[in-house]
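Understanding the architecture of this molecule
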Amino acid sequence: SAAIRKRYGIESGSDIKSAAVTAAFVAQAIKNNLAQYLSVVFPGGGDSHFSGNKGHAAGLYGAVAAIAALIDDLSTSPAAAPLTGSWLDHTTILAFSEFARTPMFNAYGGRDHHLTSSCLLAGAGIVGLASALVPPAIVIALMLVVWQIACSSPTASLPPPSQVWNEAYDLIAH
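Below is a short write-up of the structure. This is a predicted model, so every value here is computed, not measured. (Residues numbered from 1 in each chain as written. Predicted model: local features only at pLDDT ≥ 70, side-chain atom pairs only at ≥ 80, totals over all residues. Heavy atoms only, no water.)

1. Quick look at the pairing of strand E1 (residues 92–96)
A one-sided burial pattern is seen for E1, the buried positions being Ile93 and Ala95 and the unburied ones Thr92, Leu94 and Phe96. Where E1 meets strand E4 (residues 119–123), five bridges bridge the pair, whose relative direction is antiparallel. By the bridge assignment, Leu94 is partnered in E4 with Leu121. (Buried < 20%, exposed > 50% of the residue type's maximum accessible area, 1.4 Å probe, protein only. Helix = DSSP H or I, 4+ residues; strand = E, 2+ residues; numbered from the N terminus. Pairing = 2+ DSSP bridges.)

In structure tokens, the structure reads:
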């Protein structure tokens, strides 16, 4: 429908395999009780061995925007009876990559594969889980302090967060 295309930013003639179209199909499958579990792969340019942070961010933008639209859609769509609340109240979203990027740039100005990664978790049960744990800001602050101390020596294999911040400031701030 026109409303779905507008919500997800899908233009006429869009690639049927685009991240936006994929997210729109996921939302419709959830809202129409077509599946209890969905696994999708968003297309994009996440493999950025030859471009820096800006190139990597640009490659991921379509998937990130599609996930944001999906979360917005599910959070503003009332769940079908006998459920109450929104569809997001009954859906858990887990988004992750199969690998991460090295903290340091390679010889080409890009980043190679790395063992550590992060994920996004949203939806049902997440708020209750978070409130039962230590507030996230405290955890992040403690992790940054430990990381800074552990990686401040000249022989450290990873850069400290202060160095990562300084090298990525332009991308983060602008």
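2. Quick notes on the environment of Val64
One can find Val64 in helix H3 (residues 53–76). Looking at Val64, the relative accessible area reads 53%, which means it is exposed. In the structure, Val64 is positioned 45 residues away from Ala19 in sequence and 8.7 Å away in space, judged by C-alpha atoms.

3. Observations regarding a nonpolar patch on the surface
The grouping of Ile140, Leu144, Trp147 and Leu158 at the surface amounts to a nonpolar patch, some 320 Å² of accessible area in total. Among the secondary structure elements, Leu158 is positioned in the loop between helix H5 (136–150) and helix H6 (161–173). Taking the relative accessible area as the measure of exposure, Leu158 reaches 32% and is therefore partly exposed. (Patch = residues over 30% accessible without salt bridge, like charges linked within 9 Å, V, L, I, M, F, W, Y side chains within 5 Å. Areas by Shrake-Rupley, 256 points an atom, 1.4 Å probe, with all protein chains shown as cover. Salt bridge = Lys/Arg side-chain N within 4 Å of Asp/Glu carboxyl O.)

4. Focus on the nonpolar core
Tyr8, Ile10, Leu70 and Leu74 are the most contacted members of the largest nonpolar core, which has 18 residues in total. Among the secondary structure elements, those contributing two or more residues to this core are helix H2 (19–31) and H3. (Core = buried A, V, L, I, M, F, W, Y, C linked by side-chain atoms within 4.5 Å.)

5. So, the pattern of salt bridges
The final tally for this structure, using the stated rule, is three salt bridges. We note a salt bridge from Asp73 to Arg7, for which the minimum N-O separation is 3.6 Å. With Asp73 in helix H3 and Arg7 in helix H1 (residues 2–8), this residue pair connects regions lying 66 residues apart in the sequence. Classification of Asp73 by relative accessible area gives buried; the value is 2%. The residue Asp73 makes a salt bridge to Lys31 at a minimum N-O spacing of 2.8 Å.

By themselves, these figures tell us nothing about what the structure is for.
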